[in-house]
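Listed here are the chains, written in short residue letters.
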Amino acid sequence: MNIKFPGISQSDLEYAFDCLNDCMQSDAADFGFDYPYFTPGGAYGKQWWQLDSSLALSGYKWKDRKFAETSLWNFIESQKEDGRICLWGNDILPKHAPGNWFPEQNEGVSSLPKIFDVTYHILQGTDDFELLSSSYNMLKKYLDWWYKDRFDEKTGLITSVFEETFIPYLGSAMEYAALDTNVEVYVGLVYTANIADRLNKAVDAAGFRNKAGKLKSAINTYLWNNEKGAYYPYDIRTGKHIDCLMASTFYPLRMNIASTEQKNKLITLLTDDEHFNWNTIPFTSVSKKDPLFQTTVGAYQGNASWSGNVWTLINEMVTRGLLDSGEKELATALALKTIYAFNRNCTEFINPFDGSGHGVLKYAWTASQYLELIVEVIFGISSDITKKEVCIFPNLCDELKKHKLSIEGVMVFDNVFLDICVDKGNLTYKISDKSIKVKS
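This structure is a prediction, so every number in the text was calculated from the model and none was measured. (Residues numbered from 1 in each chain as written. Predicted model: local features only at pLDDT ≥ 70, side-chain atom pairs only at ≥ 80, totals over all residues. Heavy atoms only, no water.)

1. Quick notes on the environment of isoleucine 167
Inference 1: Following the sequence through the fold, isoleucine 167 ends up in the loop between helix 5 (129-149) and strand 4 (176-177).
Inference 2: Overall, the relative accessible area of 10% leaves isoleucine 167 in the buried class.
Inference 3: In sequence terms isoleucine 167 and asparagine 226 are 59 residues apart; their C-alpha atoms lie 23 Å from each other.
Inference 4: Leave out the neighbours within four places in its chain, and isoleucine 167 touches Cys244, Met246, Val286, Leu292, Asn303, Trp306 and Ser307. (Helix = DSSP H or I, 4+ residues; strand = E, 2+ residues; numbered from the N terminus. Buried < 20%, exposed > 50% of the residue type's maximum accessible area, 1.4 Å probe, protein only. Contact = heavy atoms within 4.5 Å.)

2. So, the pattern of salt bridges
Inference 1: Counted by the stated rule, this structure contains 24 salt bridges.
Inference 2: Linking aspartate 12 and arginine 344 is a salt bridge whose minimum nitrogen-to-oxygen distance equals 3.2 Å. Here arginine 344 lies in the loop between helix 11 (328-341) and strand 9 (349-350) and aspartate 12 lies in helix 1 (residues 10-23), a separation of 332 residues in the sequence.
Inference 3: Note on arginine 344: relative accessible area 44%, which makes it partly exposed.
Inference 4: Two residues, arginine 320 and glutamate 372, come together in a salt bridge whose shortest N-O distance is 2.9 Å. Here the residue arginine 320 occupies a position in helix 10 (residues 312-324), and glutamate 372 occupies one in helix 12 (residues 364-378), the gap between them amounting to 52 residues.
Inference 5: The structure contains a network of salt bridges with shared partners spanning Lys61, Lys114, Glu184, Glu316, Arg320, Glu372 and Glu376. (Salt bridge = Lys/Arg side-chain N within 4 Å of Asp/Glu carboxyl O.)

3. Considering the sheet that holds strand 16 (residues 437-439)
Inference 1: In space, the 3 strands of this open sheet follow the order 11-12-16, with mixed pairing throughout. At either margin of the open sheet sits one strand with a lone partner, and together these are strand 11 (381-384) and strand 16. Geometrically, the sheet is characterised by an average inter-axis angle of 20° between neighbouring strands, direction not taken into account. (Pairing = 2+ DSSP bridges. Axes fitted to C-alpha atoms, helices over the stretch in contact; angles between N-to-C directions.)

4. Structural notes on the sheet that holds strand 8 (residues 240-241)
Inference 1: Spatial ordering of the open sheet is given by 4-7-8, a layout of 3 strands whose pairing is antiparallel. Taken across any chain shown, the strands that pair with only one partner, and hence form the sheet edges, are strand 4 and strand 8.
Inference 2: Sheet topology note: the strand 7 (residues 234-235)/strand 8 ladder contains 2 bridges and is antiparallel. Its bridge partner lying in strand 8, tyrosine 234 is registered against histidine 241.

5. Considerations on the side chain of serine 71
Inference 1: Checked against the element boundaries, serine 71 lands in helix 3 (residues 65-78).
Inference 2: The class for serine 71 is buried, based on a relative accessible area of 3%.
Inference 3: Those residues in contact with serine 71 that lie beyond four places of it in its chain are Pro36, Tyr37 and Leu57.

6. Some points on the environment of lysine 289
Inference 1: Turning to its location among the elements, lysine 289 is positioned in the loop between helix 9 (273-276) and helix 10.
Inference 2: C-alpha separation for the pair lysine 289 and phenylalanine 276, spaced 13 residues apart in sequence, amounts to 8.7 Å.
Inference 3: Beyond its immediate chain neighbours, meaning those up to four positions away, lysine 289 contacts Glu274 and His275.
Inference 4: Among the polar contacts made by the side chain of lysine 289, one reaches the side chain of glutamate 274 at a distance of 3.3 Å. (Polar contact = N/O pair within 3.5 Å; in protein donor to acceptor, adjacent residues only side chain to side chain.)

7. Thoughts on the pairing of strand 13 (residues 404-413)
Inference 1: Within strand 13, 7 of the 10 residues are buried, leaving the element largely enclosed by the surrounding structure.
Inference 2: In this structure, strand 1 (residues 2-4) lies alongside strand 13, joined through 3 bridges in antiparallel fashion. Residue pairing in the sheet places isoleucine 3 in a bridge with isoleucine 407 of strand 13.
Inference 3: In this sheet, strand 14 (residues 416-423) lies alongside strand 13 in antiparallel orientation, the contact comprising 7 bridges. Bridge pairing links valine 410 to leucine 418 in strand 14.
Inference 4: With antiparallel pairing between neighbouring strands as the criterion, strand 13 and strand 14 make up a hairpin whose turn holds 2 residues, including asparagine 415 at a positive phi of roughly 65°.

Listed below in structure tokens is the structure:
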């Protein structure tokens, strides 16, 4: 893949791919898996982790579709009988996390379920029916697990524990309802319904959409604080909000979970530099005004590292939400701020004040989401094998419209490549397979 882009060199792009290549684990059998996968990187070793190994595929799929598709089988084959997909390959918590941080949670845990989003977008580019059908069954069983082991009947919310939410909750299940977990499960319901449609499973699709509607209502009923104009996590035991203003408050912008009135309040908060650092390096993972706010340096230090540092995990999700809610200019601004902050700096997290990188220095999901934001948000590329169609809708700020930018060799389907050039706002493209429709 080649790029011409203001402030990003070809070697910068290749550095992100080098980071991913360094995290690639080809000797999967040594760790109980049948197919190659991505490790998190650095001190986390060669083991498979649900969140890291899935997110790493988001950007890498634009270089190697076959690798991304093959890697999905690790999730399918490792799924437990009850539907749970493990936190990591050993299916126990690490005894010792980097940064001398000792997790105390001991429940059988899963992970923040980005796998719904990742799987859906990989499947958009494949016509492999066996993979499609098996992935669907995996996602369906995984949703069943969330509704069996983490669902609170009274509120209709999904609860979560250690690493099923960030900031990680170290208590027990059925106590804590987090923004990020609930929104990811909502996204999972919508995307799994779409896959059910593709497989002509109309009854299943209707069921998922019914659950999505109920979960959306629960999020807006129990997690929204109208007085403060933001979403907060909810303590199931006390029936009260937990008074911590996290950047995940913006997640309900995704798929228009938030109403127009709620969105407008969130946008005011989002662009308030005193809260989430909008004018410099957004987003601080917790509001700078919150008593919990802190930044960490060096190795990952557990909850402290999610209480102020900047993560691509958060920024990518909020960018998607801004696009979903029609805030294209803000989405573009956030995507660019994130891309430039992590350019040749694919570290686990960065300091919001000086941009220095900390944690793992070559972190797989950071490199992947950096690539994802460039390809999918700025250049606006998406693909749909069912329509044999590629869409190109670049999102460019006024400054970018003054320049000539291009990206070449983007793998939109297996062995089908796309080249794009945007010269002062004018788009031209070339696709290697003329049977593929291009919509722009």
